[in-house]
Amino acid sequence: MPAPTPTATAEKALRFRKLHEGPGAFLIANAWDAGSARILAGLGFPALATSSGACAATLGRRDGTVTRDEALAHARAIVMATDLPVSADLEKCFADAPKAAAATIRLAGEVGLVGGSIEDASGNKDKPIFDFQHAVERVAAAVEAARALPFILTARSENFLRGRPDLDDTIRRLQAFEKAGADVLMAPGLPDLAAVRAVCAALKKPVNFMAGIKGKSFTVRELQAAGVRRVSLATSLYRAAMSGLIDAAREVQVEGSFGYLERSLTTPELNGYMQS
């Protein structure tokens, strides 16, 4: 597979940055392999993202168990599948120390990614969120690495996903990440539209909303009205695909029938999205 060229990567980064400039919110679809990337591109999504949970699942593992090399190889396959900008879910950038986290951003640029995230979740069950100052220092180091690349950095506050539903602290962290230079801010798991509005009103830079949690995934129209500029889909499309797999397999096992075939893409229809 040829390496991404600097010119192509810079052009994708420019397109990706302009998407955040409006006028409204845009959808970024999370792919899990080259084939799903081709399908999502064919459906007209303007940009793609990876999902750490979907990446892990393709390897038969749970979220949080993928190495940096594995995550970057996964992302590179998605980058090379289409000409769309791709942003990666890089979790905590596979490191605790700021400089080590920044090294992940540099490596992400080398595989052709034009965006990626850094989060304040530590991976330590006894202390799931990094201390405030350390979290800010990590974002600042990642920003410095991103500035040497054509790269849009998303900084995430993970409070609501890690058992700390503190909106004031979440906003405080996002404001500090914004001040440190992050391009996009994100707080997965916000409980309602009022919280979404509060986050968007407290920040000047674009906010990404993560759809994918039952009861906490609002319409694009509602999110746009609340101030959201980007909507990502997390593992939801992968889970929907796996739901179809399980339903079809159970029909065969339990009923001995193949009704799912009537609802499925034909081989020629699927091939229409793929490279020859």
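Every chain's residues receive numbers from 1 upward, in the order its sequence appears when written. Per-residue local features are limited, in this predicted model, to residues with pLDDT of at least 70; the limit for side-chain atom pairs, both in listing and counting, is 80 or more; totals at the level of whole chains, interfaces and linings are taken over all residues. Side-chain measures were taken over the full set of non-hydrogen atoms in the model, leaving aside hydrogen atoms and water.

### Brief notes about helix α7 (residues 167-180)
Because an α-helix packs 3.6 residues into every turn, residues spaced three or four apart end up facing the same way.
So, step 1. Secondary structure elements are taken from DSSP: a helix is a run of H or I of four residues or more, a strand is a run of E of two residues or more, and numbering for both begins at the N terminus. Helix span, expected: 1.5 Å multiplied by one less than the number of residues in the helix. For α7, spanning 14 residues, the distance from its first C-alpha to its last is 20 Å, which sits close to the expected 20 Å at 1.5 Å a residue.
So, step 2. In this scheme, a residue with accessible area under 20% of its type's maximum is buried, one over 50% is exposed, and one in between is partly exposed, where area comes from a 1.4 Å probe on protein chains only. Buried within α7 are the following residues: Asp169, Thr170, Ile171, Arg173, Leu174, Ala176, Phe177 and Glu178.
So, step 3. Here, two residues are considered to be in contact whenever any of their heavy atoms come within 4.5 Å of each other. Looking at the buried residues of α7, the elements they touch are α6 (132-147), β5 (152-156), β6 (184-186) and α8 (193-202).
So, step 4. What qualifies as a polar contact is a pair of N or O atoms within 3.5 Å, subject to a donor-acceptor requirement within protein and to the restriction that residues adjacent in sequence count only when both atoms come from side chains. Its side-chain oxygen 3.2 Å from the backbone nitrogen of Asp168, Asp166 forms the N-cap of α7.
So, step 5. Note on α7: the residue one or two positions beyond its end, Gly181, has a positive phi of about 115 degrees.

### Structural notes on the pairing of strand β7 (residues 207-210)
So, step 1. Judged by which residues are buried, β7 turns out to be covered on both faces: Val207 and Phe209 on one side and Asn208 and Met210 on the other are all buried.
So, step 2. If DSSP finds at least two bridges between two strands, the strands pair. Of the pairings in the sheet, the one linking β6 to β7 comprises 2 bridges and is parallel in character. The residue of β7 that forms the bridge with Leu185 is Val207.
So, step 3. With the strands pointing away from the viewer, any crossover whose connection runs clockwise from the first strand over the helix to the second is right-handed. Where the polypeptide runs from β6 across α8 and back to β7, its parallel neighbour, the crossover connection is right-handed.
So, step 4. Bridge count between β7 and strand β8 (residues 230-232): 3 bridges; the pairing is parallel. Along β8, the bridge assignment pairs Met210 with Ser232.

### Thoughts on the side chain of Arg156
So, step 1. By the secondary structure assignment, Arg156 is in strand β5.
So, step 2. At 2.8 Å, the side chain of Arg156 forms a polar contact with the side chain of Glu158.

So far we have only geometry, and geometry alone does not tell us how the molecule works.
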